[in-house]
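If you want the building blocks of each chain, they are given just below.
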Amino acid sequence: MGGSRQRELFASAAALAAGCANATDSPEVPLLRHQLQEWQRAVAAHQARLFAGSGEGVHQAALFEGPETEAPVKAGLGINPLELQAQPLSFWRWPDPPQRGAALYFVLDSFVLEGPLAALGHGPQPLLLYVGETGRADRRWKGEHDCKQYLAAYSEALARVNLGSRLSIRFWLDVPGATRARRTLEQALIQRWLPPFNKETRQRWATPFTTDGD
C-alpha cells in the first residue's frame, strides 16, 4: 500500500493521540479493526524479507561519515532483532537490569494474520516499531520517552477493537562506544527497516498514533 493511500486511509484518525505528549483536546476518531490490521500488514510487508535475512540491498546507502564509522555501520546492518533476547517494556523496573552501557535497542510487536493467510498456517508476523541508541542501556527507557507514548496509544487502539499486542524490547550491546558511530548505525538501521514510530519514518507510514510535531 503506497504512502498516499496510507495517508488517505488514516486521514480521519489524526486526532487519535491517547497517551501522546502533545495530545490536543480534539475528539478522538477510533480506528477500525480492519484499518489497524491493514496498517500492520503494510509495515510487515516491507520488513518481512529483512527478518527472513534477505533484502541485503535495501536501504544500505547509509549515512557513512568516514572510515571510523563505515565499518561499524556495515557490520551492524546485518543485525536481526529476532535473534536478540526479548524483554518486557517494564525491564527498567528490575533491581538489576541485565544490560548496561552503550547499546542499540529495538521495540517489537507481532500480530496474528486473519483470513486466508492464517488458514494457510502463517504464524504471528513480527513488526519492528522503533530503533534507538543509547550510551546508558539501563537508564534510557526510564522516565519520558516519545516511543513509550506512541506505544501506549498504539496498544489502546488495538485493545479497542479486540486486537492484542505482544510488545517487547531487545538490546544489542556489541555496538560502537563512540556516540557518532553509534548514531550513524542507528540512522542506517532506521533507513533499512523503516520502523514506523521513529520520527524519520512517521510520514511514510502515516502513523495514526501520534500528532504532528510531537
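Structure's up top.
**Some thoughts on the overall build of the chain**
Along the chain, the regular secondary structure elements total 7 helices and 3 strands. Reading the chain from its N terminus to its C terminus gives the helix and strand order α-α-α-β-α-β-α-β-α-α. Counting every position in the chain, which comprises 214 residues, the buried fraction comes to 48%. By element, 51% of the accessible surface of the chain is carried by carbon and sulfur atoms, the whole surface being about 10300 Å².

**Details of the packing of aromatic side chains**
Counting across every chain of the model gives 8 aromatic pairs. Judged by centre distance (5.1 Å) and plane angle (70°), the rings of Phe 91 and Phe 171 are edge-to-face. With Phe 91 in the loop between α3 (67-76) and β1 (103-111) and Phe 171 in strand β3 (residues 168-172), this residue pair connects regions lying 80 residues apart in the sequence. Exposure class is identical for Phe 91 and Phe 171. Each is buried. With centroids separated by 5.7 Å and ring planes inclined at 80°, the aromatic side chains of Tyr 154 and Phe 197 adopt a geometry described as edge-to-face. Here the residue Tyr 154 occupies a position in helix α5 (residues 146-160), and Phe 197 occupies one in the loop between α6 (179-193) and α7 (202-205), the gap between them amounting to 43 residues. The pair formed by Tyr 154 and Phe 197 is uniform in burial state, with each residue classed as buried. Joined through ring pairs, the aromatic side chains of Trp 39, Tyr 150, Tyr 154 and Phe 197 make up one cluster. Looking at Arg 204, its charged tip hangs above the ring of Trp 205, at a distance of 5.1 Å from the centre.

**Overview of the pairing of β1**
A large share of β1 lies buried, amounting to 9 of its 9 residues. With 9 bridges connecting them, β1 and strand β2 (residues 125-134) associate as antiparallel partners. Note on β2: the bridge partner recorded for Leu 104 is Glu 133. Sheet topology places β1 next to β3; 5 bridges connect them, and they run antiparallel.

**Structural notes on the pattern of salt bridges**
According to the stated counting rule, one finds 4 salt bridges in the structure shown. In this structure, Arg 41 and Glu 38 form a salt bridge, with 3.1 Å as the shortest nitrogen-oxygen distance. With Arg 41 and Glu 38 both in helix α2 (residues 33-51), this residue pair falls 3 residues apart, about one helical turn. Among the residues examined, Arg 41 registers a relative accessible area of 33% and is labelled partly exposed.

**Things to note about the nonpolar core**
Leu 36, Trp 39, Trp 141, Tyr 154, Phe 197 and Phe 209 are the most contacted members of the largest nonpolar core, which totals 32 residues. Listed by contribution, the elements that provide at least two residues to this core are α2, β1, β2, α5 and β3. Sorting elements by how many residues they give to this core places α5 first, with 7 residues. Phe 197 has contacts with Trp 39, Leu 129, Tyr 130, Tyr 150, Leu 151, Tyr 154, Arg 202, Thr 207 and Phe 209, leaving out every residue within four places of it along the chain.

Conventions used here
Residues numbered from 1 in each chain as written. Predicted model: local features only at pLDDT ≥ 70, side-chain atom pairs only at ≥ 80, totals over all residues. Heavy atoms only, no water. Helix = DSSP H or I, 4+ residues; strand = E, 2+ residues; numbered from the N terminus. Buried < 20%, exposed > 50% of the residue type's maximum accessible area, 1.4 Å probe, protein only. Areas by Shrake-Rupley, 256 points an atom, 1.4 Å probe, with all protein chains shown as cover. Phe/Tyr/Trp six-rings, centres within 6.5 Å; stacked < 30°, edge-to-face > 60°. Lys NZ or Arg CZ within 6 Å of the ring centre and 35° of its normal. Pairing = 2+ DSSP bridges. Salt bridge = Lys/Arg side-chain N within 4 Å of Asp/Glu carboxyl O. Core = buried A, V, L, I, M, F, W, Y, C linked by side-chain atoms within 4.5 Å. Contact = heavy atoms within 4.5 Å.

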